[in-house]
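# Observations on chain architecture
Listed below are the residues making up each chain.
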Amino acid sequence: MSILKAENIYKSYTDTQKRVDVLEGINLSIIPGESLAIVGPSGAGKSTLLHVIGGLDHPDKGRVLLDGKDLYKMNDAERSRVRNQAVGFVFQFYHLLPELTALENVLMPLMVGKNVHGVTPEIEGMAAQRLKEMGLEARLEHKPAQLSGGEQQRVAIARALANDPAILLCDEPTGNLDSRSGDAVIDLLLSSKAKAERTIVIVTHDIQIAKRCGRTVHIKDGVLE
Ligand code: ADP
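Only a predicted model underlies this, so the values are computations on that prediction, with no experimental measurement involved.

### Considering the site of the ligand
Taken together, Y13, V22, P41, S42, G43, A44, G45, K46, S47 and T48 form the complete shell of residues around the ligand. Separating an oxygen atom of the ligand from a backbone N or O atom of G43 is a distance of 2.7 Å. T48 places a side-chain nitrogen or oxygen 2.6 Å from an oxygen atom of the ligand. Starting from 560 Å² of accessible surface for the ligand in isolation, the protein chains cover 58%.

Right, here's the structure in full:
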């Protein structure tokens, strides 16, 4: 049984001049515990596909099933809740909240997930533990601007793993890093997967990263091959 299944996904964007057909009948079945690389050139639709399978962006047509449940038949609140619990995202440009410390960035999804409005010692301890696992125990009170790119991405991974999601979706996670920091980020992503039997999907144009994943699919002309 698939943990995540995309069936016949279509998605296009229309700007002022013309329509761009990005996804044109994508079918993808991901099994629990798998590590999958989605590769393809810039503009091929990798990010669009990742957003659609992660519940961030409606397809024009087709279904996305997470654990057998149709993500886009849920209402927005239900889909947000499922996403918060089951899916972690890691983006190329980290997307940390600049006004918050590393610890506070990781606390946010924990507070949402546990539906608490204040910081309890329990969730603060959990957030600190996630950052410690990323080697950032000395950076808890730093704000993103005070951290290197590699450190910011490790905070973002700690945030993505906050609620121990079954699936981690990563969009060019090393795209903005030098090769040493990038390797460290991939090591952390894959070791977190090994520890927790997590499913991990990495969008990348880097064949070396794809080689470290169990399976690779290529996106071209709006379909997977
Ligand atoms: P990749 O991740 O493979 O680089 P993307 O999924 O980011 O590709 O983009 C695929 C295509 O869709 C590109 O041509 C891009 O310009 C276009 N596109 C992506 N997002 C939007 C948007 N919000 N509005 C209009 N066009 C978009």
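Now that the structure is up, let's keep going.
### Considerations on the sheet that holds strand β1 (residues 4-14)
The strand order across the open sheet formed by four strands is β2-β1-β4-β5, and the pairing between neighbours is antiparallel. The two strands at the open ends of the sheet, each matched to only one other strand, are β2 (19-30) and β5 (69-70). Pairing of strand β4 (residues 61-66) with β5 involves two bridges; the strand directions are antiparallel. Counterpart to L66 in the pairing with β5 is K69.

### Observations regarding the layout of surface pockets
Considered as a void within the structure, the largest pocket measures approximately 480 Å³ in volume. Every residue lining the largest pocket is counted, 19 residues in all, and those nearest its centre are N84, V87, F89, P109 and R159. When residues of the lining of the largest pocket are traced back to their parent elements, those giving at least two are α2 (76-86), β6 (87-90), α3 (102-114) and α5 (149-160). Looking at the lining of the largest pocket element by element, the count peaks at four residues for α3. In terms of residue class, the lining of the largest pocket is built from 11 nonpolar, six polar and two charged.

### What about the environment of A156?
Among the structural elements, A156 can be located in helix α5. Residues A156 and S29 lie 127 residues apart in sequence; the distance between their C-alpha atoms is 26 Å. With residues up to four places along the chain from it excluded, the contact list for A156 reads F89, V90, Y94 and L96.

### Focus: unusual backbone geometry
You will see that N8, though not glycine, has its phi angle at about 50°, which is positive. Within the fold, N8 resides in strand β1. Its relative accessible area of 34% is what places N8 among the partly exposed residues. The backbone of D221 shows a phi angle near 50°, a positive value even though the residue is not glycine.

About the cut-offs
Residues numbered from 1 in each chain as written. Predicted model: local features only at pLDDT ≥ 70, side-chain atom pairs only at ≥ 80, totals over all residues. Heavy atoms only, no water. Near = heavy atom within 4 Å. Polar contact = N/O pair within 3.5 Å; in protein donor to acceptor, adjacent residues only side chain to side chain. Areas by Shrake-Rupley, 256 points an atom, 1.4 Å probe, with all protein chains shown as cover. Pairing = 2+ DSSP bridges. Helix = DSSP H or I, 4+ residues; strand = E, 2+ residues; numbered from the N terminus. 1 Å grid on protein atoms, 1.4 Å probe; cavity = no way out; pocket = protein on both sides within 12 Å on 5 of 7 lines; lining within 4 Å. Points joined across faces, edges and corners; volume = space filled by probe spheres on them. Nonpolar A, V, L, I, M, F, W, Y, C, P; charged D, E, K, R; others polar. Contact = heavy atoms within 4.5 Å. Buried < 20%, exposed > 50% of the residue type's maximum accessible area, 1.4 Å probe, protein only.

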